Amino acid sequence: MAHGARGGRSGGRPTLEEVAARAGVGRGTVSRVINGSPRVSEATRAAVEAAVAELGYVPNTAARALAANRTDAIALVVPEPETRFFAEPYFSDMLRGVGAELTETEMQLLLIFAGNDRERRRLAQYLAAHRVDGVLLVSVHADDPLPDLLSQLEIPAVISGPRSASETLPSVDSDNYAGARQAVEHLLSRGRTRIAHITGRLDVYGAQRRVEGYRDALREAGHQVDETLIEPGDFTEEGGRRAMTALLERCPDLDAVFAGSDVTAAGARQVLREAGRRIPDDVSLVGYDDSAIARHMDPPLTSVRQPIQEMGRRMIDLLLTEIADRRPAATRGLDRRQVVLATELVERASS
């Protein structure tokens, strides 16, 4: 390359756009390479790095942040009480995945709880000041106003599971429908016929999809769906105890339970034991998440594994893409992405 070709077309510092044009990629891809995201192919990374070297492009974090009104900070928002966050492995696994993906970037991660009205109002004021570049929303309920607020403020956001089938924000989730089917088909294969389901919170779309998977698996196996065997839960241990107590009173002949989470299954197991039901001899038990709780339960719990850490990594990858994509808000809804990751049934002694 001729010496005079080095540098930007304007004769000053090369720009991100000029690097993108030289490499034959978009600005967002260049940004991901510079920020160290692993979600870039080796060939693309090599092309961008070559263009950076040829043009003499030097990222200036402070100048870039100022020019783009950037803070180099991302908020992980949990619209739940702190006690639930620290009690349930789902959240710590999600945080672990998010942190792993951010390690090689310049982004800082802020953990924000918004479990009550006061915390939500404070969060709304914080977000309105544009103190973060993007938001990860974990455990979103159908009536949660935060996703719509983020859209109004034009803050890039990704949620851990859509609020409905018509979700407009980018989301990452496991295949809740298929996971529930795996659990029920497994129990049916063990000869169980009176299979109860303790649901998650039914204002969470993922919990609704698990109920649908439960029902369809029974129907397709030629079984009638007995609605009295479905008891609402809330993903918590106490919710599992309450639901299991109600189910035993209403349907004492049940011979299997599919719980909405491993934590819920732990609560159900306690009630079953107090009632003199042996697991799995009298009642088979299956959980969801395949957390450490499942492995350490007595007997070890069969559970549907959802790749929670990978979900966290994919959420960050989507969010960094959203942040790098600075098109007008009116056009940004055209390529919203809904990522669904596969589940896997892990069989243990409880079933």
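Residues numbered from 1 in each chain as written. Predicted model: local features only at pLDDT ≥ 70, side-chain atom pairs only at ≥ 80, totals over all residues. Heavy atoms only, no water.

## Regarding the sheet that holds strand β10 (residues 302-305)
- Ordered by their spatial adjacency, 6 strands build an open sheet running β7-β6-β8-β9-β10-β12, and the pairing between neighbours is mixed. Two strands in the sheet have a free side with no partner beyond their single neighbour: β7 (230-231) and β12 (344-346).
- Alignment of strand β6 (residues 195-198) against strand β8 (residues 256-259), held across 4 bridges, turns out to be parallel. By the bridge assignment for β8, H197 is matched with F258.
- Contacting β6, β8, β9 (284-289), β10 and β12, helix α9 (residues 176-189) crosses the sheet at an angle of about 165 degrees to β9.
- Against the sheet, helix α10 (residues 205-220) contacts β6, β7 and β9, and its axis sits at roughly 170 degrees relative to β6. (Pairing = 2+ DSSP bridges. Helix = DSSP H or I, 4+ residues; strand = E, 2+ residues; numbered from the N terminus. Contact = heavy atoms within 4.5 Å. Axes fitted to C-alpha atoms, helices over the stretch in contact; angles between N-to-C directions.)

## Observations regarding the packing of α9 against α10
- Where α9 meets α10, the axes come as close as 7 Å, and the angle between the chain directions of the two elements is 40 degrees. By the criterion of interaxial angle, the relationship of α9 to α10 is oblique. As for the relative orientation of α9 and α10, their crossing is right-handed in sense. In contact with N176, Y177, A180, R181, V184, E185 and L188 of α9, α10 contributes G206, R209, R210, E212, G213, Y214, D216, A217, L218 and E220.
- Residues of the contact of α9 with α10, tallied by class, amount to 7 nonpolar, 3 polar and 7 charged. (Parallel < 35°, antiparallel > 145°, perpendicular 65-115°, else oblique. Left-handed = near helix turned anticlockwise from the far one by under 90°. Nonpolar A, V, L, I, M, F, W, Y, C, P; charged D, E, K, R; others polar.)

## Re the confidence of the model for the chain
- Residues with a pLDDT of 70 or more make up 89% of the chain, whose mean pLDDT is 87.
- Every residue in residues 1-10 scores below 50 in pLDDT, and together they form 14 contacts with partners more than four places removed in sequence or on other chains.
- Low pLDDT, under 50, characterises residues 327-335; the predicted model gives this stretch 7 contacts beyond four residues in sequence or across chains. (pLDDT = per-residue confidence, 0-100.)

## Examining the pattern of salt bridges
- Throughout the structure, instances matching the rule amount to 28 salt bridges.
- Here D117 ties to R120 by a salt bridge, and the two come within 3.8 Å at their closest N and O atoms. With D117 and R120 both in helix α7 (residues 117-128) and 3 residues apart, the pair spans about one turn of that helix.
- Its relative accessible area of 55% is what places D117 among the exposed residues. (Salt bridge = Lys/Arg side-chain N within 4 Å of Asp/Glu carboxyl O. Buried < 20%, exposed > 50% of the residue type's maximum accessible area, 1.4 Å probe, protein only.)

## Section: unusual backbone geometry
- A cis amide bond, omega 5 degrees, links I279 with the succeeding residue P280.
- Position of P280 among the secondary structure elements: in the loop between α12 (262-274) and β9.
- The peptide bond linking D298 to P299 adopts the cis configuration, its omega dihedral lying at -5 degrees.
- With respect to the helices, strands and loops of the structure, P299 is situated in the loop between α13 (292-296) and β10.
- For S139, which is not glycine, the phi dihedral falls at a positive 65 degrees.
- Mapped onto the fold, S139 is located in the loop between β3 (134-137) and α8 (146-152).
- In the Ramachandran plot, D290 falls in the positive-phi region, its phi being about 55 degrees despite a non-glycine side chain.
- Under the relative-accessibility criterion, D290 is labelled buried at 8%.

## Here we look at the nonpolar core
- Membership of the largest hydrophobic core comes to 39 residues, with the highest contact counts inside it found for V184, I195, M244, L254, V257 and F258.
- When contributions to this core are tallied by element, the ones reaching two or more residues are α9, β6, α10, α11 (237-250), β8, α12 and β9.
- Not counting the four nearest positions on each side in its chain, F258 is found in contact with A180, A183, V184, L187, A196, H197, I198, V286, G287 and Y288.
- Counting residues in hydrophobic clusters, the runner-up holds 25 residues, among them V78, V138, I308 and I316. (Core = buried A, V, L, I, M, F, W, Y, C linked by side-chain atoms within 4.5 Å.)

## Considerations on the packing of aromatic side chains
- Per the counting criterion, the structure on display carries 6 aromatic pairs.
- Their ring planes at 35 degrees and their centres at 5.5 Å tell us that F85 and F91 sit as a pair that is tilted.
- Judged by centre distance (6.4 Å) and plane angle (45 degrees), the rings of F258 and Y288 are tilted. One end of the pair, F258, is in strand β8; the other, Y288, is in strand β9, and 30 residues separate them in sequence. (Phe/Tyr/Trp six-rings, centres within 6.5 Å; stacked < 30°, edge-to-face > 60°.)

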